[in-house]
Amino acid sequence: MIENFWLNAVWSITPTLLLFGLFYFVLRSIFRADRNERRVYADIESEERLRRGLPPKPETPSNH
């Protein structure tokens with residue numbers, strides 16, 4: 001009787017854990033892609049400013 005309880009508990013929590021894992025990896029990949037895209041855009045912008053003879057973009061707390 002008690003072994004059925006634990007088996008049912010495991011089967012009940014498994015879908016939730018699997019969906020959490022999927023959700024976690026999807027969000028993680030979205031945030032990583034966004035971070036990398038912003039970094040590349042900032043690099044391109046700094047190269048263009050340098051090429052045009054403009055001063056570097058001033059650092060702000062959000063640029064770190």
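Up top you'll find the structure we're talking about.
In this report, the structure presented in the accompanying data block is examined. Nothing here was measured: the structure is a model prediction, and the numbers come from that model.

## Quick notes on the overall build of the chain
And then number 1: Helices and strands together make up the secondary structure of the chain, namely one helix and zero strands.
And then number 2: A globule of 64 residues ought to have a C-alpha radius of gyration of about 11 Å, yet the chain, at 24 Å, is considerably larger.
And then number 3: Based on the C-alpha atoms only, the size of the chain along its principal axes is roughly 80 × 20 × 10 Å.
And then number 4: Residue burial in the chain is summarised as follows: out of 64 residues, 0% are buried.
And then number 5: Per element, the accessible surface of the chain, about 6400 Å² overall, is 68% carbon and sulfur.

## Considering the pattern of salt bridges
And then number 1: The tally for this structure, following the rule as stated, stands at four salt bridges.
And then number 2: Where glutamate 48 meets arginine 51, a salt bridge forms, and the shortest distance between an N and an O atom there is 2.6 Å. Within this pair, glutamate 48 and its partner arginine 51 are both found in helix α1 (residues 2–51), separated by three residues, close to a single helical turn.
And then number 3: Taking relative accessible area as the criterion, arginine 51 reaches 61% and is therefore assigned exposed.
And then number 4: Each of the salt bridges in this network shares a partner with another, and the network as a whole consists of Glu48, Arg51 and Arg52.

Analysis parameters
Residues numbered from 1 in each chain as written. Predicted model: local features only at pLDDT ≥ 70, side-chain atom pairs only at ≥ 80, totals over all residues. Heavy atoms only, no water. Helix = DSSP H or I, 4+ residues; strand = E, 2+ residues; numbered from the N terminus. Rg over C-alpha atoms; globule rule 2.2 N^0.38 Å. Buried < 20%, exposed > 50% of the residue type's maximum accessible area, 1.4 Å probe, protein only. Areas by Shrake-Rupley, 256 points an atom, 1.4 Å probe, with all protein chains shown as cover. Salt bridge = Lys/Arg side-chain N within 4 Å of Asp/Glu carboxyl O.

Keep in mind these numbers describe shape, not what the thing actually does.
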